[in-house]
Amino acid sequence: MPPNIILVHGEANEMGKLKHKLITQFADRNTKIISPKNCQSVEMYFYSEKMEKTIGRLAENTPEVGETVSGLLVKKAFTYQIMAPDDLHVFSQLSTANISQRITIAYSGAFGVLKHKLKQIFESVESLPDEESEGPAFRVHERLTVKYELEKHISLHWRSDPISNMVLDFVVALVLNISREIPKVVVESEKATKTEEENNKKAEKVIHALLVSLFGDVKFGENGKLVISVDGNVAHLHKQSGNVESENEGLRESVRVAFQRIQNAVKPIPLSVS
């Protein structure tokens, strides 16, 4: 006996009689009988298990219990397969490609200032030989190349992927921010300098915004602390001392290092730095 019976294309009274008779006849069974009106939609829910098959290089070794298997999930008709990115062209008609991109941005500041600021945020900012880059250049996070062009421009070169795109967005924002602040420095040198309280408020806003961009959930806690939550782990950051309290050692060290670098980045840097 099916779990659902739908009565359609009948006269309303006769349909009602049939429905009542079926309900009486199958009262001892878990059967749902529906007689919808014309143009009335009927929703039915079906539950089934979906199974993914691991193929190619990912299937060479049997994973241990609790071990994470990472790969591409490919759906074909009603089947699901998990495979390594390098196996995509072998087990499917799809193929992968690398997209190299380049943009040029106007930048009138000192090239060394930009490199110095990026060093405060990224662990890897390495200079490139002039023979390889045809001019002053450096590589950020081993993914993005920054080159100094003529006529007050810089060019950014990267191979498109989620991490490289994220690094690019940060570098572009930093370049635009430096370019915007340089005229202000010239004008403000002729005016009264801002009070220390105003500068501290600005620095706190920048620190909070950068911590949010790195860790996501950052809230203000008691006694001037910042509460940072990542995947169920919580860290308490003392903004004055820079001390971090957390039961998770990895999160505690990550927050401490990030906060230290952000503090260094928000301090003024002389325009003469090269």
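Everything quoted here is computed from the prediction, not taken from an experiment.

## So, the overall build of the protein chain
Okay, step 1: The secondary structure content of the protein chain amounts to 7 helices and 14 strands.
Okay, step 2: The proportion of buried residues among the 274 residues of the protein chain is 27%.
Okay, step 3: For the protein chain, the accessible area works out to roughly 20,100 Å², and carbon and sulfur atoms hold 51% of it.

## Overview of the pairing of strand β4 (residues 72-76)
Okay, step 1: In this sheet, strand β5 (residues 79-83) lies alongside β4 in antiparallel orientation, the contact comprising 5 bridges. Residue pairing for β5: K75 is matched across the bridge by Y80.

## Quick word on the sheet that holds strand β10 (residues 153-159)
Okay, step 1: Read across the open sheet, the 5 strands follow the order β6-β10-β9-β8-β7; overall the sheet is antiparallel. The open sheet has two edge strands with one neighbour each: β6 (100-106) and β7 (125-127). For this sheet, the mean angle separating the axes of adjacent strands, direction not counted, is 20°.
Okay, step 2: Pairing of strand β8 (residues 137-140) with strand β9 (residues 144-149) involves 4 bridges; the strand directions are antiparallel. Its bridge partner lying in β9, F138 is registered against V146.
Okay, step 3: The sheet strands contacting helix α3 (residues 111-119) are β7, β8, β9 and β10, and the helix crosses β8 at an angle near 20°.

## Concerning the nonpolar core
Okay, step 1: Of all hydrophobic cores here, the largest spans 22 residues; its most connected members are L114, L118, L144, V146, I154 and L156.
Okay, step 2: Sorting the residues of this core by element identifies α3, β8, β9, β10 and α5 (162-188) as the ones contributing at least two each.
Okay, step 3: The biggest single contributor to this core is α5, with 7 residues.
Okay, step 4: The residues contacting I154, other than those within four sequence positions of it, are I103, T104, I105, Y107, F111, L114, V146, K147, Y148, E149 and V175.
Okay, step 5: Core analysis: the second largest hydrophobic core is formed by 15 residues, A235, L237, A258 and I262 among them.

## Some words on the sheet that holds strand β3 (residues 52-54)
Strand pairs in the sheet, formed through backbone hydrogen bonds, run parallel or antiparallel to each other.
Okay, step 1: Strand order in the open sheet formed by 3 strands is β3-β5-β4, with mixed pairing between adjacent strands. Sheet topology places β3 and β4 at the edges, where each strand pairs with a single neighbour. Between one strand axis and the next, the sheet turns through 30° on average, direction left out of account.

## A look at helix α1 (residues 12-25)
Okay, step 1: Counted at 1.5 Å a residue, the expected span for α1 with its 14 residues is 20 Å, and the 20 Å between its end C-alpha atoms agrees.
Okay, step 2: At the N-terminal end of α1, a side-chain oxygen is found 2.9 Å from the backbone nitrogen of N13, two or three residues along, and the residue is E11.

## Some details on the confidence of the model for the protein chain
Okay, step 1: For the protein chain, the average pLDDT comes to 81, and 89% of its residues sit at 70 or higher.
Okay, step 2: Within the model, the stretch residues 185-193 combines pLDDT values under 50 with 2 contacts to residues more than four positions away or in other chains.
Okay, step 3: Note that residues 270-274 has pLDDT below 50 and, in this model, 9 contacts with residues that lie over four places away or in other chains.

## Details of unusual backbone geometry
Okay, step 1: Of note, the phi angle at A77 is positive, near 60°, even though the residue is not glycine.
Okay, step 2: By the secondary structure assignment, A77 is in the loop between β4 and β5.
Okay, step 3: Phi at H141 is positive, roughly 55°, even though this residue is not glycine.
Okay, step 4: Of note, H141 is situated in the loop between β8 and β9.
Okay, step 5: In this structure H141 comes out as partly exposed when scored by relative accessible area, which is 35%.

## Focus on the pairing of strand β11 (residues 217-220)
Along any regular strand, the residues point their side chains to alternate faces of the sheet.
Okay, step 1: Note: β11 against strand β12 (residues 225-230), 4 bridges, orientation antiparallel. When the sheet's bridge partners are listed, F220 is paired in β12 with L226.
Okay, step 2: The loop that links β11 with its antiparallel partner β12 comprises 4 residues; one of these, N223, has a positive phi angle of about 55°.

## Quick notes on the layout of surface pockets
Gaps left between atoms are located by rolling a probe of water-molecule size over the structure's atoms.
Okay, step 1: Estimated volume of the second largest pocket: approximately 540 Å³.
Okay, step 2: Every residue lining the second largest pocket is counted, 17 residues in all, and those nearest its centre are I121, F122, H141, M166 and L214.
Okay, step 3: Mapped onto the lining of the second largest pocket, the elements with two or more residues apiece are α5, α6 (196-215) and α7 (249-266).
Okay, step 4: The element contributing the most residues to the lining of the second largest pocket is α7, with 5 residues.
Okay, step 5: Looking at the lining of the second largest pocket residue by residue, the class counts come to 12 nonpolar, 3 polar and 2 charged.

Cut-offs and rules
Residues numbered from 1 in each chain as written. Predicted model: local features only at pLDDT ≥ 70, side-chain atom pairs only at ≥ 80, totals over all residues. Heavy atoms only, no water. Helix = DSSP H or I, 4+ residues; strand = E, 2+ residues; numbered from the N terminus. Buried < 20%, exposed > 50% of the residue type's maximum accessible area, 1.4 Å probe, protein only. Areas by Shrake-Rupley, 256 points an atom, 1.4 Å probe, with all protein chains shown as cover. Pairing = 2+ DSSP bridges. Axes fitted to C-alpha atoms, helices over the stretch in contact; angles between N-to-C directions. Contact = heavy atoms within 4.5 Å. Core = buried A, V, L, I, M, F, W, Y, C linked by side-chain atoms within 4.5 Å. Expected span 1.5 Å × (residues − 1). Polar contact = N/O pair within 3.5 Å; in protein donor to acceptor, adjacent residues only side chain to side chain. pLDDT = per-residue confidence, 0-100. 1 Å grid on protein atoms, 1.4 Å probe; cavity = no way out; pocket = protein on both sides within 12 Å on 5 of 7 lines; lining within 4 Å. Points joined across faces, edges and corners; volume = space filled by probe spheres on them. Nonpolar A, V, L, I, M, F, W, Y, C, P; charged D, E, K, R; others polar.

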